[in-house]
Amino acid sequence: MNRSIHHFQDLHAHAASVTQWRQLYSQLTAGALDSSLQQLSSERCHVFRERINQRVVQQGEAPAGRVCFAVPIAVPGSVRMQGRDADAHSLFFLRGGEEFMFHMPTGMDMLSVTFDRDFFDTALRDTPCADEVAQLLRQPVIKVPAPRFAECRQRLLAMFCEALANDELSGTPARQDELEQAMLDELLRLVLDPGCDRRQRSASSTQDFIVEKCHRLAMTDTVTAPTVMNLCERLQVSRRTVQNSFRAVADTTPLHYLRSVRLNGVRRALTASRACDLSVGDAAAQWGFFHLSHFAAEYQALFGELPSQTPRAARWGHDA
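Since this is a predicted model, take the numbers as computed values, not measurements. Along every chain, residues carry numbers that run from 1 in the direction the sequence is written. Residues qualify for local features only when their pLDDT is at least 70, as the model is predicted, and side-chain atom pairs are given and counted only at 80 or more; totals for whole chains, interfaces and linings, by contrast, use all residues. The side-chain values count all of the structure's non-hydrogen atoms but skip hydrogen atoms and water molecules.

Concerning helix H6 (residues 206–220)
An α-helical turn contains 3.6 residues, so a residue and the one three or four places further along point in the same direction.
So, step 1. The end-to-end C-alpha distance of H6 is 21 Å, a good match for the 21 Å that 15 residues give at a rise of 1.5 Å each.
So, step 2. Relative accessible area decides the class of each residue, using a 1.4 Å probe on protein chains only: under 20% of the type maximum gives buried, over 50% gives exposed, and in between gives partly exposed. Starting at the N terminus, helices and strands are each numbered in turn, a helix being any DSSP run of H or I of at least four residues and a strand any DSSP run of E of at least two. Those residues of H6 not exposed but buried are Asp-208, Ile-210, Val-211, Cys-214, His-215, Leu-217, Ala-218 and Met-219. Given a helix with a known number of residues, its expected span is that number minus one, times 1.5 Å.

Okay, structure coming up:
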């Protein structure tokens, strides 16, 4: 298995370093970023643990040809996954190619395990109640009894940490197969537990739909930077409804959220380009910021540095 341990001061470098995943992370709370990413990867399995000290919204698409589980290690605040409420005893599940939006609270610690779809389906067919499990896995958030979930989390984390620290436990094909199978068996036993909440919940709430729609519009209409009133008119909802939606889903105001998403867009543009190819002013204008002094102050307030201090293209700022 390939192993890596990285620490980051840039959220976009962190997101880009997660093997096989296509995703964008946006920082919503103010302050310098400090995050870590530990990974084990093989042909049939990819396991990673990420810890981020800021509140983050993650948007992207699960890897094609895979099934993806995520197990919260620590949940210090409210979590929303695919428009569903989640907590420290919630298992997350995505199928390959599925688009997702995940609101991660400040300081969250998460272990994610992704399996090759054929490898997973073969194991599932040999499992009692395979049809029932397949039905359960239609839900992106699965509530599990707290004691059972804690046992599973502890065993998965112990396997991951031991393999990450010890070449012998993941270095040979036989040991690699053993680790992959052990993790798969552990997660299958978890979703087979009769205590899992098997009620089929409805799709995301109106509040989540509003936040997600506004987020996507802000990512699309970058230069025009739609105002809250523009968004209210496009969605045909009141300002109060929009305000309440952002407070419930992201614990912030729509103005702060949308400005933060756009500031993250500028930061991605800066870190992906050389200063000689893209000026700070041009990067800001691409995301609807035309008053440079106001922009610089807002950028510094969110990221803890001026845009001129952000490292430019070449290499991400991380160390093994």
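Re the packing of aromatic side chains
So, step 1. Any two rings among Phe, Tyr and Trp, with Trp reduced to its six-membered ring, count as a pair given centres within 6.5 Å; such a pair is stacked if its planes are under 30 degrees apart, edge-to-face if over 60, and tilted if neither. Evaluation of the coordinates by the stated rule reveals 11 aromatic pairs.
So, step 2. Connected via pairs of aromatic rings, a cluster forms that spans Phe-69, Phe-93, Phe-115, Phe-119 and Phe-120.
So, step 3. In this analysis the charged atom, NZ for Lys or CZ for Arg, is taken to sit over a ring once it is within 6 Å of the ring centre and within 35 degrees of the ring normal. The ring of Phe-119 is capped by Arg-44, whose NZ or CZ atom sits 4.0 Å from the centre of that ring.

Observations regarding the pairing of strand E6 (residues 66–74)
So, step 1. The buried fraction of E6 is high, at 8 of 9 residues.
So, step 2. Note that E6 and strand E9 (residues 90–95) share 4 bridges and pair antiparallel. Counterpart to Phe-69 in the pairing with E9 is Phe-93. Two strands are counted as paired when DSSP detects at least two bridges linking them.

Some points on the nonpolar core
So, step 1. Only buried residues count toward a nonpolar core. Its members are Ala, Val, Leu, Ile, Met, Phe, Trp, Tyr and Cys residues joined through side-chain atoms within 4.5 Å. Formed by 39 residues in total, the largest nonpolar core has its most connected members in Phe-69, Leu-91, Phe-115, Phe-120 and Met-183.
So, step 2. Elements that contribute at least two residues to this core include exactly strand E4 (45–52), E6, E9, strand E11 (109–116), helix H2 (117–125), helix H3 (130–136), helix H4 (146–165) and helix H5 (173–192).
So, step 3. Counting residues per element, this core draws most heavily on H4, which supplies 8 residues.
So, step 4. For this analysis, residues touch if any pair of their heavy atoms sits within 4.5 Å. Setting aside its immediate chain neighbours within four residues, Met-183 contacts Val-47, Val-113, Phe-115, Leu-156, Met-159 and Phe-160.
So, step 5. If you look at the next biggest cluster of nonpolar residues, it comprises 33 residues, including Leu-258, Ala-269, Leu-270 and Phe-289.

Here we look at the pairing of strand E10 (residues 99–104)
So, step 1. Of all 6 residues in E10, 5 are buried; the element is thus mostly enclosed.
So, step 2. When strand E5 (residues 56–61) meets E10, the two strands line up antiparallel, connected through 6 bridges. Residue Glu-61 lies in a different strand from E10, and its bridge partner there is Glu-99.
So, step 3. Bridge count for strand E7 (residues 79–81) against E10 is 2 bridges, and the pairing is antiparallel. What sits directly across from Met-81, in E10, is Phe-102.

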